[in-house]
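# Summary of structural features
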Amino acid sequence: MTTTPPTDPHPLHLRPGATAHPGSPYRLSAGPDQGLRHTALHILELAPGDTHTFATGGAEWIVLPLSGGGTVRVRPDGDQQGDEESEFTLDGRPDVFAGPTDFAYVPRDARVEITSGAGGRFALAGARCGRRLPARRGPAPEVPVEERGSGTCARQVRNFAAAHTFACDRLIAVEVLTPPGHWSSYPPHKHDEHRPGEESELEEIYWFALDGPTPAFHRVAPSRPGGADLLAEVRDGEAVLVPDGWHGPSVAPPGHPLYYLNVMAGPGPGRDWHITFHPDHAEGYR
């Protein structure tokens, strides 16, 4: 039996189509219109042969194939000096459950053209930034894959743009694959305070994928009076925003793996990922 999602979702819970402006090519968008100050995420769907062009503005972006592949062309926007046009072919993958993918990093102050001959779905993960780094392709075989947790809290983390694996100015992005029935993002943790060497101030976006209609569950709990508070059934293509607060667990349904893409950035000049675990939860499953 499947349940019907409520018609008025929580403002931190985004459903496909609900955030797109009329005429937008994006299936889902999260950014300033949803109260985010540092991060953004667009889910782009291209029919065979289609092309999408966008300006990066004051943000750096990663073009991540979710299904299918394509070509990414990057050229400087405005008065950028010494930059040449770049072009990257992304082989992509059949779907997010198939393994890591290659991806393209595109800098601020550029124009980007994405073309997919066979069609595809792409995540555009962005963060406001200061430095302008060179456009680059991240090869799939170079994506570090980490097995994290143990028992029914074991999951796979693909650290394609983690703080220690791929150079960005502010953007941090990883993929997590959680086996059926397992808990992920556990123990609950937070990163909403600047405490050097102990905790980073980072807002976060979760984007979920499932291989069927059965929902997963995700929790965000307040870390301060009036803070973010959400317990949601999440389905394929939906997103949850974490401006602050304890987040986790993400619970995969029995019989179905759960995928999510994490996009993080904050106001600090560094790109550190320091977190605080919730003191009421066991430490053995990190």
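Numbering of residues starts from 1 in every chain and runs along the sequence as written. Note on the predicted model: pLDDT of at least 70 is required for a residue's local features to be given, and 80 or more for side-chain atom pairs to be given and counted; whole-chain, interface and lining totals, by contrast, use all residues. Water and hydrogen atoms play no part in the side-chain values, which are based on all heavy atoms of the structure.

Moving on to the sheet that holds strand β21 (residues 239-242). Strands were regarded as paired on the criterion that DSSP finds at least two bridges between them. The helix and strand labels rest on DSSP assignments: H or I over at least four residues marks a helix, E over at least two residues marks a strand, and numbering proceeds from the N terminus. With antiparallel pairing, 7 strands are arranged side by side in an open sheet as β1-β21-β18-β23-β13-β12-β11. Because the sheet does not close on itself, it has two edges, and the strands there are β1 (13-14) and β11 (145-148). Sheet topology note: the strand β12 (residues 155-161)/strand β13 (residues 172-178) ladder contains 4 bridges and is antiparallel. Within β13, the position partnered with R158 by the bridge is E175.

It is worth spelling out the packing of aromatic side chains at this point. In summary, the pairing rule links any two rings of Phe, Tyr or Trp, Trp by its six-membered ring, whose centres are within 6.5 Å, and it sorts them by plane angle into stacked for under 30 degrees, edge-to-face for over 60 and tilted for everything else. Per the stated rule, a full pass over the model turns up 9 aromatic pairs. Seen from their ring centres, Y206 and Y260 are 5.0 Å apart, and the 45° between their planes marks the pair as tilted. Of this pair, Y206 sits in strand β18 (residues 203-210) while Y260 is found in strand β23 (residues 258-265), placing the two residues 54 residues apart along the sequence. Whether a residue is buried, partly exposed or exposed follows from its accessible area with a 1.4 Å probe, protein chains only, as a fraction of its type maximum: under 20%, in between, or over 50%, in that order. On the accessibility criterion, Y260 (2% relative accessible area) is buried. Directly above the ring of Y105 sits R136, whose terminal nitrogen or CZ lies 4.7 Å from the centroid. Placement of a positive charge over a ring is assigned whenever Lys NZ or Arg CZ falls within 6 Å of the ring centre and within 35 degrees of the normal to the ring plane. The cationic tip of K190 hangs over the ring face of W246; the distance from NZ or CZ to the ring centre is 5.7 Å.

Before going further, it helps to examine the nonpolar core. Here, nonpolar core refers to any group of buried Ala, Val, Leu, Ile, Met, Phe, Trp, Tyr and Cys residues whose side-chain atoms link them within 4.5 Å. Ranked by size, the top nonpolar core spans 52 residues in total, and within it L41, I62, L64, F160, W207, Y259 and L261 carry the most contacts. The contact criterion used is simple: two residues touch if any of their non-hydrogen atoms lie within 4.5 Å. When residues no more than four places from it in sequence are discounted, the contact partners of L64 are R93, T101, F103, R121, F122, A123, F160, E175, Y259 and L261. One finds Y26, L44, L90 and F122 within the second-largest nonpolar core, a separate group that totals 19 residues.

Our focus in this paragraph is the pattern of salt bridges. We count a salt bridge whenever a side-chain nitrogen from Lys or Arg sits within 4 Å of a carboxyl oxygen from Asp or Glu. On inspection of all chains with the given rule, the structure shows 20 salt bridges. The shortest N-O distance in the salt bridge between R93 and E175 comes to 2.5 Å. With R93 in strand β6 (residues 86-93) and E175 in strand β13, the pair connects residues that are 82 residues apart, well separated along the chain. Taking the shortest distance from any N to any O, the salt bridge between D229 and R219 comes out at 2.6 Å. Of this pair, D229 sits in the loop between β19 (216-221) and β20 (230-234) while R219 sits in strand β19, placing them 10 residues apart in sequence. Residue classification places D229 among the partly exposed residues on the basis of a relative accessible area of 40%. When its relative accessible area of 27% is taken as the criterion, R219 is described as partly exposed. Beyond isolated ion pairs, a larger network of salt bridges with shared partners links K190, D192, E193, R195, E198, E199 and R224.

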